[in-house]
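As a plain string of letters, each chain reads:
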Amino acid sequence: MDPVKVEVFLQTLIAGILLGGLYALIGLGMTLIMGVMRIINLAHGELMMVAMYMAYWLFTLLHIDPYLAVFIVAPAMFFFGMAIQRFLINPVLRVEAILPENQVILTVGIGMVLSNLATIMFTSDYRSTPVEYASDAWYLSDLWRSSPIELSFSVPWVVSFLFAVVITALLWYFLTRTDTGKSIRATAQDRDAALLMGVNVERMKLLTFGLGASLVGAAGCLFIPLYYLYPALGGRFTLIAFVITILGGLGSTVGAIIGGVLLGVFESMTATYLGMGWAPVGRFIIFVAALVFLPGGIASVLRRRRLGG
Amino acid sequence: MLEVKGIDVFYGDVQVIWDVSFRVEEAEVVTIIGANGAGKSTILKTISGLLRPSRGEIFFNGEAIHRLPPYSLIDLGLVHVPEARRLFVEMTVEENLEMGALRGEAKRQRERSKEMVFELFPRLKERRRQIAGTLSGGEQQMLAIGRALMSRPKMMMFDEPSLGLAPILVAEIFNIIERINQEGTTVLLVEQNVKMALSVANRAYVLENGRVVLEGPAQQLIDNEHVKTAYLGV
Ligand SMILES: Nc1ncnc2c1ncn2[C@@H]1O[C@H](COP(=O)(O)OP(=O)(O)OP(=O)(O)O)[C@@H](O)[C@H]1O
Ligand SMILES: [Mg+2]
């Protein structure tokens, strides 16, 4: 085999997995909100954009590194998310049956307001955080002198990915090992049964929206050393989160993780082999394929295997 | 222990419960019997706070509970085993049990309660790591009862615990309910299996089209002509 082709393939795969780890974080937030609250948060990408501006200003004004900013921005987004749920979404959800899609329209509206506010406040300029390590990389040959092929690992991409993995692991621990986490899962599985068992469902909704916002907020901090920031960037990430949620299976956390990585790899492959401009097309193909061939998402496949049927 | 006073309940504009009153004394087994759609589940949901009565009052141990949020009733010692089990189907057996002991004293007693439930239902102990959705119907009902027991209730409300079970399992579930009662828990039982329900109950109420039409000691109702023809098929 041609070693150059192998290198390109592996390099593309690595890039896809690194990207997919971050995608998973974005998708997890949306799928949690979907599972517990039964609404599609179409302001999800815009929440990430807000978090990116926070990280940007923390860097520009206070010289706080984006990776440190995670510890400020994620908690801030937690409260921001809870406020949105409490003061905007909840009152609308309570007005039932007039228009069944009104919460979807509401989240779209919230997203538009956020991106327009960002334009008014910060203009539509492209911004970035010029961190010193932006173009640093580790090389396979540094670790393995006689390696027949050479691969590079961008420092910010790897660090962002590792952050995403740790955050995902912490989330998993929270959801499966703590009473509050289990109560959130219980609420997603059967709201009334959760109420009967003493779960304050309204509080879980609030927590979940906060958690979803803080996950996507953390993702924003992890993306800002990698991508340009501008007010309209949210829409793209809302779409990405939505595709992952559909691909993973609505409300499934494991599905969102697998779906995120799959989407990252698929986009990276289309970008390498078909050209940069094709990534959105790849995204769209995955989305349609998931709807047509895998209506319940990855979660339905996992469930079938576990049931042995 | 439980007193329901003249409640009306609506779904939207449709009234399904009309001026229903009944009470359950401490240590009793009381059953509400009635046909499909009579409003039995609606009554239990209203007691649990999942639905609100538009008129009337509900008291538990003297405390008005019809305005309390549904999640707080379990703290008072009142727990509802809902129709169709309503397990957390993607959680394990053990996690489902833990969900019954989330708060207060029940949480502190969690491990001991679990042992107690496993003693009552050895099958659940064998399957403690199994996903609840993969249990058989009978096992699911046992888990639903076990989950409620985890809260260390003073009173339990069962909504059709025999639904969809083979006759031998029906007998087993009714045995368990009697045993729970003998150990001091008050029971309100809603059933379509009228024969079994009347055989374990002290007193019974007959519900038709959302109204209580008959009440009395269970033994007396077994011999009642209307009950015989309408519910016992004799
Ligand atoms: N969510 C709902 N919305 C509207 N009507 C409802 C709803 N749930 C129940 N009903 C109606 O209320 C009436 C009483 O229903 P309920 O479920 O309380 O009956 P039930 O006695 O428990 O019946 P079953 O033995 O079949 O469980 C029925 O006519 C039913 O169609
Ligand atoms: Mg019913």
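Data block above holds the structure.
Residues numbered from 1 in each chain as written. Chains lettered and ligands numbered in written order. Predicted model: local features only at pLDDT ≥ 70, side-chain atom pairs only at ≥ 80, totals over all residues. Heavy atoms only, no water.

(A) Region of interest: the overall build of chain A. Within chain A, the secondary structure is distributed over 13 helices and two strands. Relative to the compact-globule value of 19 Å for 309 residues, chain A shows a C-alpha radius of gyration of 20 Å, a close match. Reported as C-alpha extents along the three principal axes, the dimensions of chain A are approximately 65 × 55 × 35 Å. Burial analysis of chain A (309 residues in total) assigns 53% to the buried set. A separation threshold of at least 6 residues defines the contact pool for chain A, and within that pool the share at least 24 residues apart is 75%. In the form shown here, chain A has an accessible surface area of approximately 14300 Å², with 70% of it arising from carbon and sulfur atoms. Separation between the mean location of the 18 positive side-chain charges and that of the 16 negative ones in chain A comes to 11 Å. (Helix = DSSP H or I, 4+ residues; strand = E, 2+ residues; numbered from the N terminus. Rg over C-alpha atoms; globule rule 2.2 N^0.38 Å. Buried < 20%, exposed > 50% of the residue type's maximum accessible area, 1.4 Å probe, protein only. Contact = heavy atoms within 4.5 Å. Areas by Shrake-Rupley, 256 points an atom, 1.4 Å probe, with all protein chains shown as cover. Lys, Arg positive; Asp, Glu negative; His and termini not counted. Charge placed at Lys NZ, Arg CZ, Asp CG, Glu CD.)

(B) Expanded view of the environment of methionine 269 of chain A. Among the structural elements, methionine 269 of chain A can be located in helix H11 (residues 253-274). Separated by 254 residues in sequence, methionine 269 of chain A and alanine 15 of chain A have C-alpha atoms that sit 9.0 Å apart.

(C) Representation of the environment of glycine 184 of chain B. All names here are of chain B. Considering the arrangement of structural elements, one finds glycine 184 in the loop between helix H8 (167-182) and strand E8 (186-191). Residue glycine 184 is classed as partly exposed on the basis of its relative accessible area of 44%. Residues glycine 184 and methionine 155, spaced 29 residues apart in sequence, show a C-alpha to C-alpha distance of 8.9 Å.

(D) Representation of the interface of chain A and chain B in the model. Each partner contributes residues to the interface: chain A has 20 residues there, and chain B has 25 residues. Both faces combined, the contact of chain A with chain B buries some 2100 Å², and carbon together with sulfur accounts for 60% of it. At the boundary of chain A and chain B, one finds five salt bridges. Salt-bridge contacts for arginine 110 of chain B lead to aspartate 179 of chain A; the nearest nitrogen and oxygen are separated by 2.7 Å. Scanning the region where chain A abuts chain B turns up nine residue pairs in polar contact (both at pLDDT 80 or more). Of all elements in the fold, only helix H7 (179-189), helix H8 (191-196) and helix H13 (297-307) of chain A reach the threshold of two or more residues within the side of chain A that touches chain B. (Buried area = accessible area lost by both parts, 1.4 Å probe. Salt bridge = Lys/Arg side-chain N within 4 Å of Asp/Glu carboxyl O. Polar contact = N/O pair within 3.5 Å; in protein donor to acceptor, adjacent residues only side chain to side chain.)

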